[in-house]
Amino acid sequence: MSRAVIYEAFGGPEVLELREVPEPHAGPGEVRVRVTAAGLNPMDWGIAARPELAARFGIDVPSGFGYDLAGLVDEVGDGVTGFATGDRVYGGVLGRAVADHVVVAIPADSLWHTPEGISDEVASTLAVAGASAVAALAAIGLRSGDTVLVGGAAGGVGVFAVQLAGLAGARVIGTASEGTFDFLRRLGAEPVAHGPGLADRVRALAPGGLTAATDLFGTETAEAALALGVARERISTIAAGPRPPGGVRATGAFDAAPGALQQVTDAILAGRLTVPVAARFPVEKIRDAVTLQAGRHVHGKIVVTL
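Quick look at the structure, then.

What counts and how
Residues numbered from 1 in each chain as written. Predicted model: local features only at pLDDT ≥ 70, side-chain atom pairs only at ≥ 80, totals over all residues. Heavy atoms only, no water. Pairing = 2+ DSSP bridges. Helix = DSSP H or I, 4+ residues; strand = E, 2+ residues; numbered from the N terminus. Buried < 20%, exposed > 50% of the residue type's maximum accessible area, 1.4 Å probe, protein only. Contact = heavy atoms within 4.5 Å. Expected span 1.5 Å × (residues − 1). Axes fitted to C-alpha atoms, helices over the stretch in contact; angles between N-to-C directions. Parallel < 35°, antiparallel > 145°, perpendicular 65-115°, else oblique. Nonpolar A, V, L, I, M, F, W, Y, C, P; charged D, E, K, R; others polar. Right-handed = clockwise from strand over helix to strand, strands pointing away.

1. What to know about the sheet that holds strand S2 (residues 17–21)
Part 1 of the reasoning: Reading across the sheet, the three strands line up as S2-S1-S4 and stay open at both edges, with antiparallel pairing between neighbours. Of all the strands in the sheet, just S2 and strand S4 (63–64) have a single pairing partner and so form its edges.
Part 2 of the reasoning: Where strand S1 (residues 2–7) lies against S4, two bridges are found, and the strand directions are antiparallel. In the sheet register, Ile6 faces S4, and the bridge partner there is Gly64.

Following this line, the structure appears as structure tokens:
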């Protein structure tokens, strides 16, 4: 037997259960990963809580939980090339990641080799957040000399976007609660409080104006950027659904160009990008981990260990 986090009804963290399940095995064209860490994302608990969102991803109950993972290949099916037993890997499997063993189709699912020098915990945070940050910045054509407003800058995607924008040569202004200001400054952003009056506060901080913006939480930042005269094609959002305000660009991890995660891991290995892991929970505490993540006050990433 193996263990997996399962939910049989949509709802909050209380619906998540760690259960014993039959141990899966790799078939032709598949590998099995012994998962050691799973990074949480807002979409994980969003899918578990909202049947309409789950339906957009083709998920119904009962379902497994989570997307991001890292671990070790421990079975390789016939016909698989590029992976061998013992390889350290990271990637994503929709609705199945928080489990002792996960079977991954090659190449249909997303799986990459974990570079030496990057821990499994860090690797388990990369597939969604890292790719989403790269896609959000690419969608606005971010370039050196830009002044960019990043909404939700202290969140799981924001910590990547802030640092990647800085590495690109942009001036980065990040929205957050005041308690995160020192944290954002350490990442290279100039913090500004979110909430009513955001456009006025940004105007005071950057009287020369903004040239670009990316909204990683809701629509407030996108709306403020539009009010400040930023062209809609230079504003992106990952959290506003398929029809964001003002015709700004909707994007996400699945829009990331090939090589997006290579860009992220290269920056980590070079010491130019850090991945703040805000909290670690054993899988037995999955409800506590999701409760903390769903509160949206975490500075960085939450990792579940197995």
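2. Focus on the environment of Thr175
Part 1 of the reasoning: In this structure, Thr175 sits in strand S10 (residues 171–176).
Part 2 of the reasoning: For Thr175, a relative accessible area of 4% gives the class buried.
Part 3 of the reasoning: Among residues more than four places away in sequence, those in contact with Thr175 are Leu149, Val150, Gly151, Gly152, Ala153, Ala154, Leu184, Val192, His194, Leu198 and Thr221.

3. Considering the pairing of S1
Part 1 of the reasoning: Counting buried positions along S1 gives five out of six residues, so the element sits mostly inside the fold.
Part 2 of the reasoning: As defined by bridge partners, S1 adjoins S2 across five bridges and the pair is classed as antiparallel. Across the sheet, Ser2 pairs through a bridge with Val21, a residue of S2.

4. Re the environment of His297
Part 1 of the reasoning: Examined against the element boundaries, His297 turns out to sit in the loop between helix H10 (286–294) and strand S16 (301–305).
Part 2 of the reasoning: The class of His297 is exposed, set by a relative accessible area of 68%.

5. Details of helix H4 (residues 126–139)
Helical periodicity: at 3.6 residues per turn, an α-helix aligns residues three or four positions apart in one direction.
Part 1 of the reasoning: For H4, spanning 14 residues, the distance from its first C-alpha to its last is 19 Å, which sits close to the expected 20 Å at 1.5 Å a residue.
Part 2 of the reasoning: Buried within H4 are the following residues: Leu126, Ala127, Val128, Ala129, Gly130, Ala131, Ser132, Ala133, Val134, Ala135, Ala136 and Leu137.
Part 3 of the reasoning: Looking one or two residues beyond H4, the residue adopting positive phi is Gly141, at roughly 60°.

6. Here we look at the packing of H4 against helix H9 (residues 260–269)
Part 1 of the reasoning: Relative orientation of the contacting elements H4 and H9 amounts to 100°, with a least axis distance of 9 Å. Accordingly, the angle class assigned to the pair H4 and H9 is roughly perpendicular. For the pair H4 and H9, the contacting residues are Leu126, Ala127, Gly130, Ala131 and Val134 in the first and Ala260, Leu261, Gln263, Val264, Thr265 and Ile268 in the second.
Part 2 of the reasoning: For the contact of H4 with H9, the per-class residue count stands at eight nonpolar, three polar and no charged.

7. Let's talk about the sheet that holds strand S12 (residues 212–215)
Hydrogen bonding along the main chain pairs the strands of a sheet, whether they run parallel or antiparallel.
Part 1 of the reasoning: Across the sheet, which stays open at both edges, the six strands sit in the order S11-S10-S9-S12-S13-S14 with parallel pairing between neighbours. Because the sheet does not close on itself, it has two edges, and the strands there are strand S11 (190–193) and strand S14 (249–250).
Part 2 of the reasoning: Alignment of strand S13 (residues 235–237) against S14, held across two bridges, turns out to be parallel. Each bridged residue has a counterpart across the sheet, and for Ser236 the counterpart in S14 is Arg249.
Part 3 of the reasoning: Against the sheet, helix H8 (residues 220–227) contacts strand S9 (147–151), S10, S12 and S13, and its axis sits at roughly 160° relative to S12.

8. Looking at the pairing of S9
Part 1 of the reasoning: Here S9 lies mainly inside the structure; five of its five residues are buried.
Part 2 of the reasoning: Taking every second residue as pointing to the same face, both faces of S9 are buried, with Thr147, Leu149 and Gly151 on one and Val148 and Val150 on the other.
Part 3 of the reasoning: Handedness of the crossover joining S9 and S10 through helix H5 (residues 158–167): right-handed.

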